[in-house]
Amino acid sequence: MAIEIRTISEEELERAHFLLAYAFTGDRSEQGRMRHVESMGTAFALHDDGEMAACLRIFPLRMFMHGATIPLGGVCGVASLPEHRRKGYAGQLLRHALAAMREEGQPLSALHTPHPSLYRRYGWMFASSAVRYSFNPKEIAPVNQGLPEGGAYRITEEQWPTIADLYRRFAAPRNGYLDRDERWWKEGIFRRIYDEKRHLNDIAVWADGDGQPRGYLVYGSTSEQRPGGLPTGRTDAEELVALDASAYVGLLRYLLAHDLADQVGMWGPADEPFSLAIDEPWRVKREHFFGFMLRIVDVEKAIAARPPAADAPEAAFTVHITDAAAPWNQGAWRIECSGPAGRGGRLSAAKAKGTADLSTDAAVFAAMYNGYLRPTEAVRSGLAEAGDSDAAALADRILAADYPPYPSDAF
Ligand SMILES: CC(C)(COP(=O)(O)OP(=O)(O)OC[C@H]1O[C@@H](n2cnc3c(N)ncnc32)[C@H](O)[C@@H]1OP(=O)(O)O)[C@@H](O)C(=O)NCCC(=O)NCCS
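None of these values were measured; they are calculated from a predicted model. (Residues numbered from 1 in each chain as written. Predicted model: local features only at pLDDT ≥ 70, side-chain atom pairs only at ≥ 80, totals over all residues. Heavy atoms only, no water.)

Participant: Looking at this structure, how should I read the side chain of arginine 198?
Facilitator: Here arginine 198 is to be found in the loop between α6 (182-189) and β10 (202-207). Within the local environment of arginine 198, its side chain forms a polar contact with the side chain of histidine 36, the two groups lying 3.4 Å apart. If we ignore the near neighbours within four places in the chain, the residues touching arginine 198 are His36, Glu187, Arg191, Arg192 and Ile193. (Helix = DSSP H or I, 4+ residues; strand = E, 2+ residues; numbered from the N terminus. Polar contact = N/O pair within 3.5 Å; in protein donor to acceptor, adjacent residues only side chain to side chain. Contact = heavy atoms within 4.5 Å.)

Here is the structure:
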């Protein structure tokens, strides 16, 4: 049995479509083929005796954190055919992908999955979360009753630069938002990335009293006829970006004006102020979801790319990382915050000798990296070990995040 892993060629894309459609959508016809996705990243396949048995794709992405934009390999479309499952093929592809991302200069990787234990084996870990609010728009109102000056208008995809500018100002200082390019705006925001019919989302911009854009809402609506003849609807707000109170309140009112919908859904980060900005929070259902799993592909480069915590002291700690799937990360690292204290400083990681202050595995370290899991909490829960409890507290201070990590994009 000969196993070979290689990049999927143009001629092999049809076979890859069969494999992906078999695993995910069920629509193996030409209409179900997502050609827009095929050209958006590099795909690899594992061939067993010349037959394509498993595949995955890597989107070349970037993630914002504390003002930095860090290259990230977005892993998606991981699939194997049922007759080839549990032979270790997805695992072999993931190891191959880690080496490929390192080669490409992507120190981070992220993915979305319903199989966290699979990916945790290979060093990915849940490291972001989102809250979904569901409500009947007739049952709640903004607490801020004043009518903001300004107004909303819908835009077409050719006007994407308007919202891209607002998004960048909003997202760059935050944590986990993707740094989107034109293609991503058109394929992944104006449309849902895995909608093979390529339906357009609605996007409304809020302009202030001077006509300046200050925020926007990405949403979509569906409706169906009830047997009794009354239509019922659903509106889903996928992204609300507001740079100030006038945009926040204006766009909230705009969303609540969709009063044919008996259900409105809205997504936001863990620190989203929505519940407190409406009069009857208890009428809103709040559900917490995991977002992306994060992976440190290259410890040295990932640490150097991540700005330290706002109040980070000039100091260092050592951490031993166990990483069988990316052996270049395995071992003890000295993580140092140098230069002016706080945001003016920089982080660096260098291989260290001797016993480390902390020890953990690559997956847990990924969740510490972006501030999703405090090192002291990792130690308290047995996810990490500390020879020196002061070192864990110091790691907390150096790796603290300004905002809770949020999965801005599904891919
Ligand atoms: C999930 C899927 C890709 C796994 O492929 P596979 O080739 O069977 O996986 P592997 O044999 O390489 O398994 C690697 C390891 O993960 C474990 N694993 C495999 N599938 C798993 C799952 N669904 N949940 C948890 N662990 C899983 C295996 O037991 C193995 O662990 P081990 O090395 O300790 O024995 C495959 O079942 C599939 O295509 N499913 C449908 C599409 C899908 O869900 N894709 C993933 C979306 S993120």
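Participant: Help me understand the packing of aromatic side chains in this model?
Facilitator: Two numbers describe a pair of aromatic rings. These are the distance of the centres and the angle of the planes. One pass over the full model with this rule turns up 15 aromatic pairs. Relative to phenylalanine 290, the ring of phenylalanine 126 has its centre 4.0 Å away and its plane inclined at 5°; by these criteria the two rings are stacked. Of this pair, phenylalanine 126 sits in strand β6 (residues 125-126) while phenylalanine 290 is found in strand β14 (residues 285-290), placing the two residues 164 residues apart along the sequence. A network of ring pairs unites the aromatic residues Tyr167, Phe170, Tyr177, Trp185, Tyr216 and Tyr406 as a single cluster. Here the guanidinium or amino end of arginine 180 rests over the ring plane of tryptophan 185, the centre of that ring lying 4.7 Å away. Lying across the ring of tryptophan 124, arginine 295 places its NZ or CZ 5.8 Å from the centre. (Phe/Tyr/Trp six-rings, centres within 6.5 Å; stacked < 30°, edge-to-face > 60°. Lys NZ or Arg CZ within 6 Å of the ring centre and 35° of its normal.)

Participant: Explanation requested: helix α1 (residues 13-25) in the structure shown.
Facilitator: Along an α-helix, residues three or four apart share an orientation, since each turn contains 3.6 residues. Among the residues of α1, Leu13, Ala16, His17, Leu19 and Ala21 are the ones counted as buried. Its buried side turned inward, α1 meets α2 (35-38), β3 (51-65) and β4 (68-80). (Buried < 20%, exposed > 50% of the residue type's maximum accessible area, 1.4 Å probe, protein only.)

Participant: Quick question: what am I supposed to make of the site of the ligand here?
Facilitator: Near the ligand you find 21 residues, and of these Val78, Arg86, Gly88, Gly91 and His115 are the closest. Serine 80 places a polar main-chain atom, nitrogen or oxygen, 2.9 Å from an oxygen atom of the ligand. A distance of 3.3 Å separates an oxygen atom of the ligand from a polar backbone atom of tyrosine 89. Computed on the free molecule, the ligand has an accessible area of 900 Å², of which 75% lies beneath the protein chains in the complex. At the level of elements, α1, β4, α3 (89-104) and α4 (116-121) are the ones that each hand at least two residues to the shell around the ligand. Top contributing element to the shell around the ligand by residue count: α4, with 4 residues. Looking at the shell around the ligand, its residues break down into 10 nonpolar, 7 polar and 4 charged. (Near = heavy atom within 4 Å. Areas by Shrake-Rupley, 256 points an atom, 1.4 Å probe, with all protein chains shown as cover. Nonpolar A, V, L, I, M, F, W, Y, C, P; charged D, E, K, R; others polar.)

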